[in-house]
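Single-letter residue listing:
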Amino acid sequence: MDYTVVRQSRKSVSIRVLDDGRVEVRAPLRCPEQDISRFVQAQSDWIARRRQELSQRRERAQRALEFVRVQGESYPVSPSPDGRVRIDLREKRAYLPQSATAEQQRAAIAGCYRTLAQNVLPDRVQQIAQRLGLTYGRVRINSAHGRWGSCSSQGNLNFSLYLMMASPKAVDAVVIHELLHRVQLNHSPEFRRLERQHTPDYEACRRELDELALWMRREGWV
Ligand SMILES: [Zn+2]
């Protein structure tokens, strides 16, 4: 098996499969070649699995989008007549240029999610904050993945544009979570109790968001 060795001042050997399938081994400065080779051999099953995983991910990332998720629903994708990217909430359909690669399509859709999030979230935060009797600073949209929202100690709220893939109920759950950090800035049992008390269908929302995060990774969104 081909691999490149990077010598470093370190104590153990570690192995990495790069995105293009090449294998990179990090080894201590004086580690004998033989030991490295044995180590790589011993990891060959893992390397093969990892390579397959990466190539499947690459393939999925390149495939043109057939549908996009919008507010918990699946919108079919149609070729855009004017080359512009847009999500039509009334028609429940997304329009994308056909010439674009899936990667470009995803980036363009992320832009639509951002606009949608900017239209939807500030109002929703205000409504929920009012209901809970809580105050907050500013609301910002970012492109974080793996983190749906955050609340700073000054009460400024950040939400991921990818939340626009989730159902309104799950979005509310994230908004409620972040706003409740105005009461407590941690995830103590008391915080969790408050969260469950104020979030309708708490368990279902958590499940939806976890599954969405997995799906995004599987489909090459992140
Ligand atoms: Zn939190």
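Bear in mind that the values here come from a model prediction, so they are computed numbers and not experimental data. Each chain has its residues counted from 1, running along the sequence as written. Whole-chain, interface and lining totals are the exception, using all residues; otherwise, since this is a predicted model, local features are given only for residues with pLDDT of at least 70 and side-chain atom pairs are given and counted only at 80 or more. In computing side-chain properties, one takes all heavy atoms of the structure into account and sets aside hydrogens as well as water.

### Digging into the coordination of the zinc ion
Here is step 1 of the chain: The zinc ion binds to the protein through His177 (NE2), His181 (NE2) and His187 (NE2); the donor distances cover 2.0 to 2.1 Å.
Here is step 2 of the chain: Here the term donor refers to an N, O or S atom within 2.8 Å of the metal (or 3.2 Å for Na, K and Ca), and because water is left out of the atoms, sites may appear incomplete. One chain supplies every donor for the zinc ion, spaced along it as H-x3-H-x5-H. Of this pair, His177 sits in helix H4 (residues 168-180) while His187 sits in the loop between H4 and helix H5 (189-198), and the two are ten residues apart along the sequence.
Here is step 3 of the chain: Relative accessible area decides the class of each residue, using a 1.4 Å probe on protein chains only: under 20% of the type maximum gives buried, over 50% gives exposed, and in between gives partly exposed. A residue is classified by how much of its surface remains accessible, and His177, at 9% relative accessible area, is buried.
Here is step 4 of the chain: Judged by relative accessible area, His187 falls into the partly exposed class, the value being 46%. Only runs of H or I of at least four residues qualify as helices and only runs of E of at least two qualify as strands under DSSP, and these elements are numbered from the N terminus.

### Considering the pairing of strand E5 (residues 73-79)
Strand residues, when the strand is regular, have side chains that alternate between the two faces of the sheet.
Here is step 1 of the chain: The criterion for strand pairing is that DSSP finds at least two bridges linking the strands in question. One ladder, built from four bridges, connects strand E4 (residues 67-70) with E5; its direction is antiparallel. Of the residues in E5, the one forming a bridge with Arg69 is Ser74.
Here is step 2 of the chain: Here E4 folds back onto E5 in antiparallel fashion, the turn holding two residues, of which Gln71 has a positive phi close to 50°.

### Structural notes on the packing of aromatic side chains
Here is step 1 of the chain: Each aromatic pair joins two rings of Phe, Tyr and Trp (for Trp, the six-membered one) with centres within 6.5 Å, and gets the label stacked for planes under 30 degrees apart, edge-to-face for over 60, and tilted for any other angle. Counted under the stated rule, the structure contains two aromatic pairs.
Here is step 2 of the chain: With centroids separated by 6.2 Å and ring planes inclined at 45°, the aromatic side chains of Tyr113 and Trp221 adopt a geometry described as tilted. With Tyr113 in helix H3 (residues 102-132) and Trp221 in the segment after helix H6 (202-218), the pair connects residues that are 108 residues apart, well separated along the chain. The same class applies to Tyr113 as to Trp221, namely buried.

### Notes on the sheet that holds E5
Here is step 1 of the chain: Strand order across the open sheet formed by four strands is E4-E5-E7-E6, with mixed pairing between neighbours. Whereas interior strands pair on both sides, the edge strands pair on one side only; in this sheet they are E4 and strand E6 (86-88). Averaged over all pairs of adjacent strands, the angle between their axes in this sheet comes to 30°, without regard to strand direction.
Here is step 2 of the chain: Whether two residues are in contact is decided by their heavy atoms, any of which lying within 4.5 Å being enough. Every axis corresponds to a line fitted to the C-alpha atoms, with the helix fit spanning only the stretch in contact, and the corresponding angles, defined between N-to-C directions, vary from 0 to 180 degrees. On the sheet, H3 packs against E4, E6 and strand E7 (93-96) and is oriented at approximately 20° with respect to E4.

### Some points on H6
Along an α-helix, a turn takes 3.6 residues, which lines up residues three or four apart on a common side.
Here is step 1 of the chain: In this scheme, a helix's expected span is set at 1.5 Å multiplied by one less than its residue total. Given a rise of 1.5 Å per residue, 17 residues ought to cover 24 Å, and the 24 Å separating the end C-alpha atoms of H6 matches this to within 8%.
Here is step 2 of the chain: Among all positions in H6, only Tyr202, Cys205, Leu209, Leu212, Trp215 and Met216 are buried. The arc that holds the buried residues of H6, viewed along the axis, is 160°, so those residues lie on one side.
Here is step 3 of the chain: Next to the buried residues of H6 lie E4, H4 and H5.
Here is step 4 of the chain: Residue Gly220 follows H6 closely and has a positive phi angle near 80°. Taking the helix axis as origin, the arc is that swept by the directions to the C-beta atoms.

### Quick notes on the sheet that holds strand E1 (residues 4-8)
Across a sheet, strands are paired by hydrogen bonds formed along the backbone, either parallel or antiparallel in direction.
Here is step 1 of the chain: Here three strands make up an open sheet; going across it, the order is E1-E3-E2 and the pairing mixed. The sheet terminates laterally at E1 and strand E2 (14-17), the two strands that pair on one side only. This sheet shows a mean twist of 25° between the axes of neighbouring strands, independent of strand direction.
Here is step 2 of the chain: Pairing of E1 with strand E3 (residues 23-28) involves five bridges; the strand directions are parallel. Looking at the pairing, Thr4 lines up with Glu24 of E3.

### Regarding the pattern of salt bridges
Here is step 1 of the chain: Each reported salt bridge corresponds to a side-chain nitrogen of Lys or Arg within 4 Å of a carboxyl oxygen of Asp or Glu. Taken as a whole and judged by the stated rule, the model has 14 salt bridges.
Here is step 2 of the chain: Arg26 is the salt-bridge partner of Glu24, the closest N and O atoms lying 2.8 Å from each other.
Here is step 3 of the chain: By relative accessible area, Glu24 is classed as buried at 12%.
Here is step 4 of the chain: Residue Arg26 is classed as partly exposed on the basis of its relative accessible area of 24%.
Here is step 5 of the chain: Here Lys92 ties to Glu73 by a salt bridge, and the two come within 2.8 Å at their closest N and O atoms. Separated by 19 residues along the polypeptide, Lys92 in the loop between E6 and E7 and Glu73 in strand E5 bring together distant segments of the chain.
Here is step 6 of the chain: By relative accessible area, which is 36% here, Lys92 ends up partly exposed.
Here is step 7 of the chain: Salt bridges linked by common partners bring Arg16, Glu24 and Arg26 together as one network.

Treat this as a map of the structure, not an account of what it does.
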